[in-house]
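Listed here are the chains, written in short residue letters.
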Amino acid sequence: MRKSNHDFLPIILGGDITTYSLARSFHEEYGIKSVAVSMLKSVMCSRSSIIENIVVPDMDAEEHFVRRLIEIAKRFPDKKLLLMACGDWYVRMIVENRAALEPYYIIPYIKEDLLNRLVLKDSFYAICDEVGVPYPKTFVFDCKDPQSLDLPFDYPVIAKPASSAAYHYARFEGKKKVFRMKNEEELQAMLEKLIASGYDYKFLIQDTIPGLDYNMRILTCYCDRKGKVRFMSSGHVLLEDNAAMGVGNPVAIINDVNREIMEHAKRLLEHVGYTGFANFDIKYDERDGSFRFFEINTRLGRSNFYITASGFNAVKWIVDDLIYEKDFDEEPVIADNCESLYTVVPKDVLMHYIKDPALREETRRLWDKGCAHDPIDYKGERNLIHRLYPPYFMWKQRKKFKA
């Protein structure tokens, strides 16, 4: 960490572990104290020496969003402000209000037309077809025009929203990020509640790809302002969150190099002229040996610190590209020079839930070697309350997984 003498400032929209991970990466690389704009006050961000936390309860309401951000920008007239989002709905509001925000902020996200093509999962799969990227067999259910559930594959099935941003505002009993349905009766009952909630876009019903959490892979790519892939970091997921609205979020990742999924992603991203960070969720299908792409996140994900922990500070790519407009080497940099275990759960939880003997032994080896990295347990943190928070957070995680 270096003392900050930089002319830019990160403004991060969010208040969770994603936010702290980004702020830590900025602080490690540049010595910068980030500004986090959150709707609620959390210990993770409000009790931190590397974050100035501004609480704005109505920040997810579009009628207040731009006004609040402009008010915040005017507090820092001498800084280049880099606007970062920790939620899909924030990305969408930034992109849809780009014209009003760009006089005040540098915006590291794609334009609205491309955003719509990629984050709406049904159209994302159409692009996958164009460039030959494998994805799960999918039935598209339109909540505006409900049709019979004549699925071309068997139960159990996976069901999830085609628009994560629109789904953020849906309220109904039993809401989950992703559903696993054993039969048509279960699926139909959930869809009836969903439609009654006001969600009016599409819901995806997918063939269940067999395998446990460690069949999952994560891939993060950075495309520069010219639309070329410049950086790629892949990881082997060990364990995922099991909470209703967190299901699918990796809680432990070992960094690796998977050239097959990297080639797929590079082909897709450069085909559409992508810019900024892209994060992919991918699952290995043991039935045919393929890696199937589930979705693209048009921002750094919740587990983004797995990149920085592997020796390649994630935020440096944005700063070099958009703040300092540096040129990059023609061939993408691959994160391949460091053994690293990203984890936000305790060692005993990993040892209990990782059933594959080889992966369990590799996890134990990396932990014992001192290669385990918890994003919120930061030596550069000077706030005493925050320094006491990581053990408490791990205790909560242990309790949650036991439940």
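First, a word on scope: everything that follows refers to the structure included in this document. Keep in mind that this is a model prediction, so the values were computed, not measured.

Procedures and definitions
Starting afresh in each chain, residues are numbered from 1 along the sequence in its written order. Totals for whole chains, interfaces and linings use all residues, but because this is a predicted model, local features are given only for residues with pLDDT of at least 70 and pairs of side-chain atoms are given and counted only at 80 or more. Hydrogens and water molecules were not included; the side-chain quantities draw on all heavy atoms of the structure. Burial classification: accessible surface area is computed with a 1.4 Å probe over protein chains only, and a residue below 20% of its type maximum counts as buried, one above 50% as exposed, and the rest as partly exposed. Secondary structure elements are taken from DSSP: a helix is a run of H or I of four residues or more, a strand is a run of E of two residues or more, and numbering for both begins at the N terminus. Following DSSP output, two strands are said to pair if at least two bridges run between them. All axes here are fitted lines through C-alpha atoms, helices being fitted over the stretch that makes contact, and every angle between N-to-C directions spans 0 to 180 degrees. Contacts are assigned to residue pairs with any non-hydrogen atoms lying within 4.5 Å of each other. Here is the rule: rings of Phe, Tyr and Trp (six-membered ring for Trp) pair when centre to centre is within 6.5 Å. Planes less than 30 degrees apart are stacked, more than 60 are edge-to-face, and the remainder are tilted. Placement of a charge over a ring requires the Lys NZ or Arg CZ to be within 6 Å of the ring centre, with the centre-to-atom vector within 35 degrees of the ring normal.

### Points about the pairing of strand 10 (residues 216-223)
And then number 1: For strand 10, the buried fraction is high: eight of the eight residues fall into the buried class.
And then number 2: Burial along strand 10 is two-sided: Met216, Ile218, Thr220 and Tyr222 facing one way and Arg217, Leu219, Cys221 and Cys223 facing the other are all buried.
And then number 3: Summarising the sheet, strand 10 and strand 13 (residues 276-285) pair through eight bridges and their orientation is antiparallel. Looking at the pairing, tyrosine 222 lines up with phenylalanine 277 of strand 13.
And then number 4: Taken together, the seven bridges between strand 10 and strand 11 (residues 229-240) define a ladder with antiparallel strand orientation. Bridge pairing in strand 11 places cysteine 221 opposite methionine 232.
And then number 5: Between strand 10 and strand 11, which pair antiparallel one after the other, the connecting turn spans five residues, and glycine 227 there sits at a positive phi close to 85°.

### Considering the sheet that holds strand 8 (residues 179-181)
And then number 1: The strand order across the open sheet built from four strands is 6-9-7-8, with neighbouring strands paired in antiparallel fashion. Edge strands, defined here as strands with exactly one partner in the open sheet, are strand 6 (138-142) and strand 8. Pairs of neighbouring strands in the sheet enclose a mean axial angle of 25°, with direction left out of account.
And then number 2: Where strand 7 (residues 157-161) lies against strand 9 (residues 202-207), five bridges are found, and the strand directions are antiparallel. Along strand 9, the bridge assignment pairs isoleucine 158 with glutamine 206.
And then number 3: Helix 7 (residues 121-131) rests against strand 6, strand 7 and strand 9 of the sheet, and its axis sits at about 50° to strand 9.
And then number 4: Set on the sheet, helix 9 (residues 184-196) makes contact with strand 6, strand 7, strand 8 and strand 9; between it and strand 8 the angle comes to about 140°.

### A closer look at the packing of aromatic side chains
And then number 1: Under the defined criterion, the tally for this structure stands at 22 aromatic pairs.
And then number 2: Ring plane angle 90° and centroid distance 5.9 Å describe the contact between tyrosine 167 and tyrosine 199, whose orientation is recorded as edge-to-face. Of this pair, tyrosine 167 sits in helix 8 (residues 164-167) while tyrosine 199 sits in the loop between helix 9 and strand 9, and the two are 32 residues apart along the sequence.
And then number 3: Under the relative-accessibility criterion, tyrosine 167 is labelled buried at 4%.
And then number 4: Residues tyrosine 199 and phenylalanine 203 carry aromatic rings whose centres are separated by 6.0 Å and whose planes lie at 90° to one another, so their mutual orientation is edge-to-face. The residues tyrosine 199 and phenylalanine 203 share a single accessibility class, namely buried.
And then number 5: Through successive ring pairs, a cluster of aromatic residues spans Tyr167, Phe172, Phe179, Tyr199 and Phe203.
And then number 6: Its guanidinium or amino end placed over the ring of tyrosine 167, lysine 175 lies 4.6 Å from that ring's centre, counting from NZ or CZ.

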